[in-house]
Amino acid sequence: VTGRNPDTGAETVAEIEAVGGQTSFLKLDVTVEQDWVEAMAAVSQKFGRLDILVNNAGNAISGLIEDLPLDTVWYLAHLNIEGAFLGTTHAWPLMRDSGGVVLDINSVAGQGGSIGGTGYPSSKGGMLGLSRAAAIDGRRYGIRVVSVHPGSTWTPGMERVRGITRDEYDRR
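All of these numbers come straight from a predicted model, not from anything done at the bench. (Residues numbered from 1 in each chain as written. Predicted model: local features only at pLDDT ≥ 70, side-chain atom pairs only at ≥ 80, totals over all residues. Heavy atoms only, no water.)

1. Notes on the overall build of the protein chain
Put simply, the rule reads: Only DSSP runs of H or I with at least four residues qualify as helices, and only runs of E with at least two residues qualify as strands; both kinds are numbered from the N terminus onward. Using C-alpha atoms as the atom set, the radius of gyration is obtained and then compared with a globule rule of 2.2 Å times the number of residues to the power 0.38. Only protein chains enter the area calculation, which uses a 1.4 Å probe; residues under 20% of their type maximum are buried, those over 50% are exposed, and those in between are partly exposed. It only takes one pair of heavy atoms within 4.5 Å for two residues to be counted as in contact. Note on areas: Shrake-Rupley, 1.4 Å probe, and residue coverage restricted to the protein chains presented here.
When you go through the protein chain residue by residue, the secondary structure sums to six helices and three strands. When the helices and strands of the protein chain are read in sequence order from the N terminus, they spell out α-α-β-α-β-α-β-α-α. Here the protein chain has a C-alpha radius of gyration of 17 Å; the compact-globule value for 172 residues is 16 Å, and the two agree. Taken along the three principal axes of its C-alpha coordinates, the protein chain extends 45 × 40 × 30 Å. The buried share of the protein chain, taken over its 172 residues, is 34%. Taking the intrachain contacts of the protein chain between residues at least 6 apart in sequence as the baseline, contacts between residues at least 24 apart amount to 63%. Working note: accessible area of the protein chain is about 10,600 Å², and carbon and sulfur atoms make up 54% of it.

In structure tokens:
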């Protein structure tokens, strides 16, 4: 499974700067610990602190439980749980002295299952457990951990995952 278009960050930076904003872009694979080490070192060097981390990387792959390969389940767990874990633990030292917020973009799927959705809800349920545990650990440092659980949202990946067009999605 491949990631997003690497040019997306450059496009976003250009859009922000076009309206007078200031931004930085660091590309990383959320499942690679060394990427987090380098990203947090860059943040520390440039800003000296981190006020918010948004764990938003994710993917969904449909499949009935009897058809779902273990590799797919592990891929989703690595992306959705391990990615959030690595981001949170490597951001933690930058937030410990000044407080901060970890915002985990989860899903309602993490609170229940759906037909053909075994791997995704399992990984999002694990992410919810991580968010809850981190919230308890963060209290003593003034770090808040918030887990947001949106429902189904149209993205270009929806066509791939659910096999429906935007018009079909809107009608439902």
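2. A look at the side chain of Asn59
What counts, and what does not: In the analysis that follows, any N or O atom pair within 3.5 Å is treated as a polar contact, provided that within protein one partner can donate a hydrogen and the other can accept it, and provided that, for residues neighboring in sequence, both atoms belong to side chains.
One can find Asn59 in the loop between β1 (52–55) and α3 (70–96). Side-chain polar atoms of Asn59 contact the side chain of Tyr75, separated by 3.0 Å.

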